[in-house]
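Each chain is listed here by its residues.
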Amino acid sequence: MSAEAMRAEAAAAAAKRRSASRASTLYLFALPATLLFVVFIAYPIMWVAGQSLYTGTADGRALFAGFANYTTILSDPTFWTVVRNMVLWGVITIPVQMLIGGLLAYFIERHTHALRGFFRTMFFLPVVTSVSVISLVWVQIYAPYYGIAQEYLKHVGIVMMTSPIGDPKTAIYALIIVNIWQWTGFSMLMYIAGIANLPSEVLDAARIDGARGWRLAVHVIVPMLSPATKSLLLLGVIGTLQTFPIVHLMTGGGPNRASEVFGTFIFKQSFVLGDTASGAALSVIVLVIALVLSLVQIALLGARLSPAGKEQP
């Protein structure tokens, strides 16, 4: 073997060792996150999935029930009431929050100067306010006869005999209004970040071409904010499925299950009624729904976004 061949072989062996060492280092860095995922996410999911296949007996023993718990849940009319409420929640709150948040972001960034920080803080304040405080305030706002809502409605001749959250026909819509009020500031902040990253060259070129006001906003700014819109849509769907505190504190899912959501339904099945098997089955169903919706959105909208807000090939 010639000297050059030996040197080439030695260089290849050294490169292979460096590559193996680098791979070992990368795996070592990934180990803590992997352990956290296994302990706090993968194992609990598998445990809940296993629990959903069993049912309890009067003497405390667990009997294998297969998919009987899932059949019971899917045949329960309350489950389909919850599905209806969740669809209403997502279909109304997500687009309304994005629309109002986008409008607030546009006017704050384009039409305010000295008070820009003040407006940002005021509209974002509900996002960081305690849910308990929000619930107490809105219960008083909705109170019949003396609530703030009644004070405005009486000017058009409407007198509320019951609170909107106490009426089965309006409870879910009253809670949706509270949720929109609480989380619109988050949409606003996302759009503010998107507007701040818009390339000034494109905006200047659009203005030179005659785009002004609403034409500039609708035909130039809105399309360029699509990464923020996609992110808000994905987060909104996941947040809808995670809805629990505001409903639990204001109505508890009532009256007569009219405002029940997945979170309160699971809570009642597992901790109020003590039927942990049905609660586990319902949790697995919600997980599957969340995975399917997330995958559909990723497939349709794309998820590979750069920090600058531009889609990568």
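Above this note sits the structure.
Quick summary incoming for the structure in this document. Computed from a prediction, not measured in an experiment: that's the story for all the values here.

With respect to the element layout, V159 can be found in the loop between helix 6 (148–153) and helix 7 (171–196). V159 gets classed as exposed once you look at its relative accessible area, which sits at 51%. Residues V159 and W181, spaced 22 residues apart in sequence, show a C-alpha to C-alpha distance of 23 Å. Once residues lying within four places of it in the same chain are set aside, the contact partners of V159 are Y145 and Q150.

Below, the discussion takes up unusual backbone geometry. Apart from glycine, the bulk of residues carry a negative phi angle, and the bulk of peptide bonds sit in the trans form. Omega for the bond connecting G254 with P255 falls within 30 degrees of zero, at -5°, which places this linkage in the cis form. Positioned with a positive phi, N256 is a non-glycine residue whose angle comes to about 55°. Mapped onto the elements of the fold, N256 is located in the loop between helix 11 (245–250) and helix 12 (262–272). Even without a glycine there, the phi angle at R257 is positive, about 65°. If you trace the backbone, R257 turns up in the loop between helix 11 and helix 12. Look at R257 and you get partly exposed, because its relative accessible area is 28%.

All right, on to the nonpolar core then. Membership of the largest hydrophobic core comes to 34 residues, with the highest contact counts inside it found for M250 and F262. Among the secondary structure elements, those contributing two or more residues to this core are helix 2 (68–74), helix 3 (77–111), helix 5 (131–141), helix 7, helix 11, helix 12 and helix 13 (276–301). Membership of the second largest hydrophobic core comes to 22 residues, among which are I94, M188, I192 and A228.

Turning our attention to the pattern of salt bridges. If you walk through the whole model with that rule in mind, you get five salt bridges. Linking E151 and K154 is a salt bridge whose minimum nitrogen-to-oxygen distance equals 2.9 Å. The class of K154 is partly exposed, set by a relative accessible area of 45%. Residues D204 and R207 are paired through a salt bridge, measuring 3.3 Å at the closest nitrogen-oxygen approach. Placement of the pair is D204 and R207 together in helix 8 (residues 200–208), with a separation of three residues, close to one helical turn. Residue D204 is classed as partly exposed on the basis of its relative accessible area of 40%. In this structure, a network of salt bridges that share partners links the residues R257, E260 and K268.

Our next topic: the packing of aromatic side chains. Applying the stated criterion across every chain, the model contains 10 aromatic pairs. Note on F79 and W80: the rings are 5.0 Å apart at their centroids and 80° apart in plane angle, and the pair reads as edge-to-face. With a relative accessible area of 3%, F79 lands in the buried category. Both rings, one in W138 and one in Y142, keep their centres 5.4 Å apart while their planes meet at 55°; by these two values the pair is tilted. Like Y142, W138 is buried. An aromatic cluster is defined as three or more aromatic residues linked by ring pairs; in this entry it consists of F79, W80 and F262.

About the criteria used
- Residues numbered from 1 in each chain as written.
- Predicted model: local features only at pLDDT ≥ 70, side-chain atom pairs only at ≥ 80, totals over all residues.
- Heavy atoms only, no water.
- Helix = DSSP H or I, 4+ residues; strand = E, 2+ residues; numbered from the N terminus.
- Buried < 20%, exposed > 50% of the residue type's maximum accessible area, 1.4 Å probe, protein only.
- Contact = heavy atoms within 4.5 Å.
- Core = buried A, V, L, I, M, F, W, Y, C linked by side-chain atoms within 4.5 Å.
- Salt bridge = Lys/Arg side-chain N within 4 Å of Asp/Glu carboxyl O.
- Phe/Tyr/Trp six-rings, centres within 6.5 Å; stacked < 30°, edge-to-face > 60°.

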